[in-house]
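Here's the letter readout for the chains.
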Amino acid sequence: MQYVSTRGTAPVLDFEGVTLAGLASDGGLYLPQEWPRFSESEIAAMAGLPYAELAARIMTPFVAGSLSPDELQDLCDRAYGRFSHDAVTPLVQLDQQHWLLELFHGPTLAFKDVALQLLGRLFETFLKRSDDHLTIVGATSGDTGSAAIDAVAGRERIDIFMLHPKGRVSDVQRRQMTTMRAPNVHNIAVEDASFDDAQAMVKRMFRDPAMNTRFHIGAVNSINWARLMAQVVYYFAAAMQLGAPQRKVAFSVPTGNFGDVFAGYVAAKMGLPVERLIVATNVNDILHRALANGDYSAGDVTPTASPSMDIQVSSNFERLLFDCGGRDGTALARQMDGFELERAMRLTDAQRTGASGLLTSARADADAMSGAMRWAHDRAGQVIDPHTAIGLHAARAAEGIAPDIPVVTLATAHPAKFRDAVERALGTRPSLPARMGDLFGREEFCTDLPGEYDAVAAFVADRATAASPAT
Ligand SMILES: *Cc1c(COP(=O)(O)O)cnc(C)c1O
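Small disclaimer: the values here were computed from a predicted structure and weren't measured.

**Considering the environment of Arg181**
Looking at where Arg181 falls in the secondary structure, it is placed in the loop between helix H7 (171–178) and strand S8 (185–190). For the pair formed by Arg181 and Ala153, sequence separation is 28 residues and the distance between their alpha carbons is 8.0 Å. Leave out the neighbours within four places in its chain, and Arg181 touches Glu443 and Phe445.

Given below as structure tokens:
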């Protein structure tokens, strides 16, 4: 399988190339040159497979030329063997029509584990092959950092430096990062910084010749194609349990960077009968405005109880615009340049029509979020986290879905990860699952640094054992 950039000029790469590259060199994002497609009978034949086997079947066409089916199966077995539920992503029924797809049974209690547990192993495999090292540098508002650290801790040929804004992530999130004791894990708490400040330092490091010629700097955010690819699998798993390919299924997706819902779009492109994808946003609703009336304009971020959805711009939306807008990299590069200048753009007619065939959107404010949390609790005995509650609100508000179509809300985090918000809405405090063990008894390892680029770059340069000539 070959991959092309959404901005048209970066070199075409194979799967191994896009996994290690992350962002394309022209600033775009990589997508497969064409969508592999399963026929109805091929989908039917996959019914009932254990998750890790289904995962390998779904992903095989994407990794062709870079991994053999056996190598891929082995990686999936090891990645999904770390989940605490045998079904990996179990479904829970809420009422006649509504279901939850629990994506939080991985080691750090958020759906990001599903992709990152695989990505860590893909990195290790490809780096060994090319005798290379990777210095992962990332900024996190919480979930990505803990999932990425868990996925690469102790792996060979990888160092990870994770920046978080000091005092602005939850206790559980911070401890999941800082109590991971491994020589290749480096936590940095950036003083007097917001997530955006930390993110800006990371972006600068990628462009800094003093760093990027000495180190092979890698990314773990959802611009990495391999992450989206791994998320396609659970759309198939859920839909097939609910009757696909004979029956259509709708999904509601709590959305921030548009990675998770884009994976649902890919599943539909591959032949899964998806009735609709509902893009659920909190009050940071740039995506809802874009899909509802074509207005993609960034405002200021309002902090909410669903911090992983508090975004200004959704990187992966560019992938949708490219695919729906006729796959014209030159035109999209111009459109994105305009957006970077103005912080606003209009979707083209082709992009709007292409998107509206499959996607609708809804926005939930704090009251709607708490209301959905209480409904799930009172009606079905389910305690859900604030991100999931936004998805559930959007699912229940969606109009025009026939009563015999199941509507699946993606449950993206375990409620214990956001205990304070759950307690405010329900009056009960969810407890951490037993497998978190003594999270609050373990020693923390973290370095506080001032919010200055030079201090952070010097720290990384000093600790990165994985120096190698840039490739
Ligand atoms: C990351 C995250 C999201 C948003 O997912 P995107 O792929 O960025 O749209 C939603 N909920 C939780 C709990 C998350 O960690």
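**As for the site of the ligand**
Around the ligand lies a shell of 15 residues, among which Lys112, Asp143, Gly256, Asn257 and Asp260 are the nearest. Of the residues in the shell around the ligand, the class split is five nonpolar, seven polar and three charged.

**Regarding the sheet that holds strand S3 (residues 30–32)**
Sheet strands associate in pairs through backbone hydrogen bonding, adopting either a parallel or an antiparallel arrangement. Taking strand neighbours across the sheet as the criterion, the three strands line up as S2-S1-S3 in an open arrangement whose pairing is antiparallel. The open sheet has two free edges, formed respectively by strand S2 (13–14) and S3, since each of these has just one partner strand. Relative to S2, strand S1 (residues 2–5) runs antiparallel, the two sharing two bridges. Within S2, the residue paired with Gln2 across the bridge is Asp14.

**So, the UniProt feature "modified residue: N6-(pyridoxal phosphate)lysine" (unreviewed entry) in the chain**
Under the local residue numbering, the UniProt record ascribes the feature "modified residue: N6-(pyridoxal phosphate)lysine" (unreviewed entry) to Lys112. As for its position among the elements, Lys112 is in helix H5 (residues 112–129). Among the residues examined, Lys112 registers a relative accessible area of 11% and is labelled buried. Sequence-distant contacts of Lys112, defined by excluding residues within four places in its chain, comprise Asp143, Thr144, Ala147, Arg227 and Ser308.

**Some words on the environment of Val266**
You can see Val266 is positioned in helix H11 (residues 259–269). Residue classification places Val266 among the buried positions, given a relative accessible area of 0%. Residues Val266 and Arg463, spaced 197 residues apart in sequence, show a C-alpha to C-alpha distance of 39 Å. Beyond its immediate sequence surroundings of up to four residues, Val266 is in contact with Trp35, Phe62, Trp225 and Val232.

**What about helix H13 (residues 317–324)?**
With eight of eight residues buried, H13 is to be regarded as a mostly interior element. Backbone geometry just downstream of H13 places Gly326 in the positive-phi region, at approximately 95°.

**Some remarks on the nonpolar core**
If you look at the biggest cluster of nonpolar residues, it comprises 113 residues, and the most contacted ones within it are Phe15, Tyr80, Trp225 and Phe251. In terms of residue count, helix H10 (residues 225–241) provides more of this core than any other element does, 14 residues in total. Setting aside its immediate chain neighbours within four residues, Trp225 contacts Tyr3, Phe15, Val18, Tyr30, Leu31, Pro32, Trp35, Phe62, Val266 and Arg319. Formed by 27 residues, the second largest nonpolar core is a distinct cluster that contains Leu100, Ala372, Ala394 and Ala395.

**With respect to the packing of helix H16 (residues 366–380) against helix H17 (residues 386–397)**
Look at H16 against H17: their axes get within 8 Å of each other, and the N-to-C directions meet at 90°. For the element pair H16 / H17, the angle class is roughly perpendicular. In this structure, H16 contributes Ala368, Met369, Ala372, Met373, Trp375 and Ala376 to the contact, and H17 contributes Pro386, Ala389, Ile390, Leu392, His393 and Arg396. Here the contact of H16 with H17 is built from residues that sort into 10 nonpolar, one polar and one charged.

**Notes on the UniProt feature "domain: Threonine synthase N-terminal" (unreviewed entry) in the chain**
On the UniProt side, "domain: Threonine synthase N-terminal" (unreviewed entry) is annotated at positions that read residues 2–80 here. The span residues 2–80 carries 48% helix and 11% strand; its end-to-end C-alpha distance comes to 26 Å.

**Some words on the pattern of salt bridges**
Oppositely charged side chains may form a pair once their charged atoms are brought near each other. All told, the structure shown has 20 salt bridges when counted by the stated rule. As a salt-bridge pair, Arg174 and Asp171 come within 3.5 Å of each other at their nearest N and O atoms. Here Asp171 and Arg174 lie together in helix H7, a separation of three residues that amounts to about one turn. Of the residues examined, Arg174 reaches a relative accessible area of 25% and is grouped as partly exposed. Residue Asp171 is classed as partly exposed on the basis of its relative accessible area of 44%. Beyond isolated ion pairs, a larger network of salt bridges with shared partners links Asp171, Arg174, Arg175 and Glu444.

**As for the side chain of Ser66**
Examined against the element boundaries, Ser66 turns out to sit in the loop between helix H3 (51–63) and helix H4 (69–80). Ser66 sits in the buried class, given a relative accessible area of 3%. Sequence-distant contacts of Ser66, defined by excluding residues within four places in its chain, comprise Asp14, Phe15, Glu16, Glu71, Phe126 and Arg129.

**Some points on the packing of aromatic side chains**
Inspection of the entire model under this criterion finds 16 aromatic pairs. When the centroid spacing of 5.1 Å and the interplanar angle of 75° are considered together, the rings of Tyr51 and Tyr80 count as edge-to-face. Taken together, the positions of Tyr51 in helix H3 and Tyr80 in helix H4 put the pair 29 residues apart, joining distant regions of the chain. As far as burial versus exposure is concerned, Tyr51 and Tyr80 are alike and both buried. Between Tyr296 and Phe339, the ring centres sit 5.1 Å apart and the planes meet at 45°, which makes this aromatic pair tilted. Taken together, the positions of Tyr296 in strand S12 (residues 295–297) and Phe339 in helix H14 (residues 329–342) put the pair 43 residues apart, joining distant regions of the chain.

Cut-offs used in this document
Residues numbered from 1 in each chain as written. Predicted model: local features only at pLDDT ≥ 70, side-chain atom pairs only at ≥ 80, totals over all residues. Heavy atoms only, no water. Helix = DSSP H or I, 4+ residues; strand = E, 2+ residues; numbered from the N terminus. Contact = heavy atoms within 4.5 Å. Near = heavy atom within 4 Å. Nonpolar A, V, L, I, M, F, W, Y, C, P; charged D, E, K, R; others polar. Pairing = 2+ DSSP bridges. UniProt positions renumbered as here; feature names shortened; annotations may be inferred. Buried < 20%, exposed > 50% of the residue type's maximum accessible area, 1.4 Å probe, protein only. Core = buried A, V, L, I, M, F, W, Y, C linked by side-chain atoms within 4.5 Å. Axes fitted to C-alpha atoms, helices over the stretch in contact; angles between N-to-C directions. Parallel < 35°, antiparallel > 145°, perpendicular 65-115°, else oblique. Salt bridge = Lys/Arg side-chain N within 4 Å of Asp/Glu carboxyl O. Phe/Tyr/Trp six-rings, centres within 6.5 Å; stacked < 30°, edge-to-face > 60°.

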